[in-house]
There are 2 protein chains.
Amino acid sequence: MIQGHAVRLFTERGYDATTVTEVAEAAGVSPMTVYRHFPTKEDLVLVDRRDRLVAERIAASPPDGPLVRRIGRALVEAAALLAGGGGDGGGDGGGDGGDGDPERDRDLLLARLRLMISTPALRARHLDSNVALQQAIVDALGAEAAGPEAAFRAHAAAGACLAALHTALVRWAEEDGRADLPELIAQALAAAFGDDAVAGADGADR
Amino acid sequence: MIQGHAVRLFTERGYDATTVTEVAEAAGVSPMTVYRHFPTKEDLVLVDRRDRLVAERIAASPPDGPLVRRIGRALVEAAALLAGGGGDGGGDGGGDGGDGDPERDRDLLLARLRLMISTPALRARHLDSNVALQQAIVDALGAEAAGPEAAFRAHAAAGACLAALHTALVRWAEEDGRADLPELIAQALAAAFGDDAVAGADGADR
DNA sequence: ACCCCAGTGGTAGCGACTACCACTTTGCGA
DNA sequence: TCGCAAAGTGGTAGTCGCTACCACTGGGGT
C-alpha cells in the first residue's frame, strides 16, 4: 500500500524530486514506518521475490541441451507463468504476490518498470539484482560444483540470458505491456543466440 | 591522485566505512575539491572513458556476419589494445589514460575492479554504465535507423555480449589479472554463444 | 600595474538513512 | 481478569553524501 503511493508520487513528480517523507505523508504513516518496511528508498520500487521461482524452474529442468537453451526456456516459462497466472510478469522486478485486481497489478508493474528504466539509481539497482539472480541460476545448474571452468561458462551463459531478458522487459514496457512477454523474451533470446538456440521453447516466430 | 588515495582507503577500510572527508584529508585537499573532480563518491572508483573506443571499433568493423560476432570481436580487440597498450583493460571501468608506470596502473585497475565487484553500490553503478555502452554499440551499429525490430535485436545482442564481458572481467579479477584478458573474453563469448560464434576472434590475436 | 579566471575553500542546508528509546496494540496463557 | 511478551509504530538526534551560494588566492595576458 505504501508502495502504491510511492510509485504514484514518483511517476507524477519524479523519483529524485519526491522525498520519503512525502511518500509517508501520502500513505498516512511516519517516515520511520516507511524505512521499516523498505530499507531504502529504491526498494519502494524494486522488490523481487521471483528469483527463487526461476532458479527452481531451472533446477527442475532436464539437464539436456546447451546452457542457454535450458536457462532461456526457464525464463520464458517463468514469464508465462507470472504473466498468465497473476498478471505479474518479468523474471526480475516482480512485485508483491498481488492477489487483487490483475489489471491493477499489471499497471503497477508497468509503472515500476518504467521508473526502473528511466531512473539511473533504480536502473542500476535493478541490474544489480540480476547479479543475484544470475548467481541463483548458476547454483541451480549445479555448475559451481563442477569446477571453476564450468562455473565460468555458466555465469557467462546466465548473464547473457538475463541481459536478453532485460532487453525484452524494456521493450515490453515501451509497448505499454501490450505485447506478449514470453514471446518477447523468446525473440530477444533468438536475436542474441540464434533462432535454433531457443527453438522449442515457445511458438516464437522468426 | 585523489583517486589513488580513495581506492587505497576503500580497499583498506571498506567503501562504506570510508567517508569522502577522509579521502580528502588523505589527498591533502578539502572535501569540496573532491566533489569538484568526482561528482559522486562512486565516481572515485568508477571512471570510464573506454565506451567510445569500443563503439568506434564497432562502427569501423565490416558489417558482415552475425551481430554477436561483430560485437564480440570488437570487445576482444579493444581489450587487447588496452591490455597491451597501457596496462589498462576492460571495455568498462577503464581508468585514466595512465601514462605512468604500467605495473602500477594495472594494480590500480585491479583494485578498482575488485571494489566494483564486491561493493553493491559500485557494482550497480558499474552495470548501469554498461547500459550506456550498450546504447553506444547499438548506435555504432546503425541499428536504430533500421527500424525498431532491428534495434531490439541489436540491443539484445549487445547486452548479452556485455554480460559475457562482465563475466570475463570478474574472472580476470579473481585470478588477480594473471590470465590473458582478451582470451578470457573470447572464452566467455564462446561459452554463451557457442564456439562457432566467435571462431574468428578466438585466441587468434594473442 | 591591471584584470580575468580557473581552482580552491567555507558555510549552510537538504535528504537519505541509522542508531536509541518510548508508546500502543495484540494475542495468549495464568 | 490480569499480566506479559511480541510486534508495530513514532520521536529525536545524529552521520553522511551532496548541493547550493559566496569568498579567496594565484598565475597569465593586456
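You'll find the structure just up there.
In this text, all values refer to a predicted model and were calculated from it rather than measured experimentally.

Per the stated rule, a full pass over the model turns up 3 aromatic pairs over all chains. For the pair Phe10(B) and Tyr15(B), a centre-to-centre distance of 4.8 Å together with 65 degrees between the ring planes defines the contact as edge-to-face. Overall, Phe10(B) belongs to the buried group, its relative accessible area being 1%. When the ring centre of Phe152(B) is taken as origin, the NZ or CZ atom of Arg171(A), which lies over that ring, is 5.1 Å away. It is Lys41(B) that lies over the ring of Tyr15(B); its NZ or CZ is 4.5 Å from the centre.

On to the interface of chain A and chain B, then. Listed per partner, the contact involves 29 residues of chain A and 28 residues of chain B. With both chains or domains summed, chain A and chain B bury close to 2400 Å², and 64% of this area falls on carbon and sulfur atoms. In terms of surface lost to chain B, no three residues of chain A exceed Asp128(A), Phe152(A) and Arg171(A), which account for 25% of the buried area on that side. Between the two partners, chain A and chain B, sit 4 salt bridges. Between Asp128(A) and Arg123(B) there is a salt bridge, with its nearest N and O atoms 2.4 Å apart. Remark: the boundary between chain A and chain B carries 6 residue pairs in polar contact (both at pLDDT 80 or more). Of all elements in the fold, only α7 (120-141), α8 (148-174) and α9 (181-193) of chain A reach the threshold of two or more residues within the side of chain A that touches chain B. No other element matches the 13 residues that α8(A) contributes to the side of chain A that touches chain B.

Take α9(A) next. All names here are of chain A. Its 13 residues give α9 an end-to-end C-alpha distance of 18 Å, which sits within 8% of 18 Å, the value for a rise of 1.5 Å per residue. Taking burial as the measure, the 13 residues of α9 include 12 buried ones, the bulk of the element. Those residues of α9 that sit buried are Leu181, Pro182, Leu184, Ile185, Ala186, Gln187, Ala188, Leu189, Ala190, Ala191, Ala192 and Phe193. Positive backbone phi, at 100 degrees, marks Gly194, one or two positions downstream of α9.

The rules we used
- Residues numbered from 1 in each chain as written.
- Chains lettered and ligands numbered in written order.
- Predicted model: local features only at pLDDT ≥ 70, side-chain atom pairs only at ≥ 80, totals over all residues.
- Heavy atoms only, no water.
- Phe/Tyr/Trp six-rings, centres within 6.5 Å; stacked < 30°, edge-to-face > 60°.
- Buried < 20%, exposed > 50% of the residue type's maximum accessible area, 1.4 Å probe, protein only.
- Lys NZ or Arg CZ within 6 Å of the ring centre and 35° of its normal.
- Contact = heavy atoms within 4.5 Å.
- Buried area = accessible area lost by both parts, 1.4 Å probe.
- Salt bridge = Lys/Arg side-chain N within 4 Å of Asp/Glu carboxyl O.
- Polar contact = N/O pair within 3.5 Å; in protein donor to acceptor, adjacent residues only side chain to side chain.
- Helix = DSSP H or I, 4+ residues; strand = E, 2+ residues; numbered from the N terminus.
- Expected span 1.5 Å × (residues − 1).

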